[in-house]
Amino acid sequence: MHFKDAVFLEDLCPKIRFRQWRQSIHKFTEKSCIYCGKPSESIDHILPRSKGGLSNTENCVPACLSCNGDKSNNEAFYWYRKQKFYDPRRAMAIRAWSDGDIRLAVRLLQWAKPSLKTLIKPKTNESIEFDAA
Ligand SMILES: [Zn+2]
């Protein structure tokens, strides 16, 4: 794909805008799953589409394939509470996210996962390590 074409098509093609939107979702958490912190490979609907959930930022969170698949058609808060990796800070983050307060959600996630601090205060001699996992 040609980058220049993509920039041009952005205004015309909803698919490309959709992809950029997805990328922006992953960016909020530095491509880590909002539920378990592993690398996020997919977008999960907090309220499943099958239950009327919308595909907007408030209802869509970065998730790894494992969480996304396991959660399936369950409502996120209900499902997450039963997981071994349940973390109340992440639960609060998901709640904030669904309320549309992404900034608060990101701060709560940084609290749950201190390495995410690089998102706000990058240190020059420190590389981001989520690729290593
Ligand atoms: Zn996960």
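The shown structure was predicted, so the numbers you read here are calculated from the model rather than taken from an experiment.

Digging into the overall build of the chain
(1) Moving on: When helices and strands are tallied, the chain shows six helices and two strands.
(2) Moving on: For the chain, the succession of helices and strands along the chain, N to C, is α-α-β-β-α-α-α-α.
(3) Moving on: By the burial criterion, 24% of the 133 residues in the chain qualify as buried.
(4) Moving on: In the chain, the proportion of contacts linking residues at least 24 apart, taken out of those at least 6 apart, comes to 49%.

Description of helix 2 (residues 14-28)
(1) Moving on: Given a rise of 1.5 Å per residue, 15 residues ought to cover 21 Å, and the 21 Å separating the end C-alpha atoms of helix 2 matches this to within 8%.
(2) Moving on: Where helix 2 terminates, the next one or two residues include E30, which has phi positive at roughly 55°.

A closer look at the environment of R95
(1) Moving on: Relative to the helices and strands, R95 resides in helix 5 (residues 88-98).
(2) Moving on: For R95, a count of 16 C-beta atoms within 10 Å gives the class partly exposed.

Some words on the nonpolar core
(1) Moving on: With 20 residues, the main nonpolar core has I34, V61, A63, A93 and I94 as its most contacted residues.
(2) Moving on: The set of elements that each furnish at least two residues to this core consists of helix 2, strand 2 (60-63), helix 4 (76-81), helix 5 and helix 6 (102-112).
(3) Moving on: Looking at which element gives the most residues to this core, the answer is helix 6, with four residues.
(4) Moving on: Excluding residues within four positions of it along the chain, A93 makes contact with I34, A105, L108, L109 and A112.

Topic: the environment of K84
(1) Moving on: Considering the arrangement of structural elements, one finds K84 in the loop between helix 4 and helix 5.
(2) Moving on: We classify K84 as exposed; it has 5 C-beta atoms within 10 Å.
(3) Moving on: Taking the C-alpha atoms as reference, K84 lies 9.4 Å from C36; in sequence the two are 48 residues apart.

Thoughts on helix 6
(1) Moving on: Among all positions in helix 6, only A105, V106, L108 and L109 are buried. For helix 6, the buried positions fall inside an angular range of 165° around the axis, keeping them on one side.
(2) Moving on: The inward-facing, buried residues of helix 6 abut helix 2 and helix 5.

Focus on the environment of K71
(1) Moving on: Looking at the element boundaries, K71 is found in helix 3 (residues 65-71).
(2) Moving on: Taking the C-beta count within 10 Å as the criterion, K71 has 20 such neighbours and is therefore assigned buried.
(3) Moving on: Along the sequence, K71 and Q83 sit 12 residues apart, while their C-alpha atoms lie 9.9 Å from each other.
(4) Moving on: When near neighbours in sequence (up to four residues on either side) are disregarded, K71 contacts D44, A76 and W79.

Here we look at the confidence of the model for the chain
(1) Moving on: Of all residues in the chain, 76% attain a pLDDT of 70 or more, and the chain-wide mean is 84.
(2) Moving on: In the predicted structure, residues 120-133 sits below a pLDDT of 50 and forms 10 contacts with residues beyond four places in sequence or in another chain.

Conventions used here
Residues numbered from 1 in each chain as written. Predicted model: local features only at pLDDT ≥ 70, side-chain atom pairs only at ≥ 80, totals over all residues. Helix = DSSP H or I, 4+ residues; strand = E, 2+ residues; numbered from the N terminus. Buried ≥ 20, exposed ≤ 12 C-beta atoms within 10 Å, placed from the backbone. Contact = placed C-beta atoms within 7 Å. Expected span 1.5 Å × (residues − 1). Core = buried A, V, L, I, M, F, W, Y, C linked by C-beta atoms within 7 Å. Arc of directions from axis to C-beta. pLDDT = per-residue confidence, 0-100.

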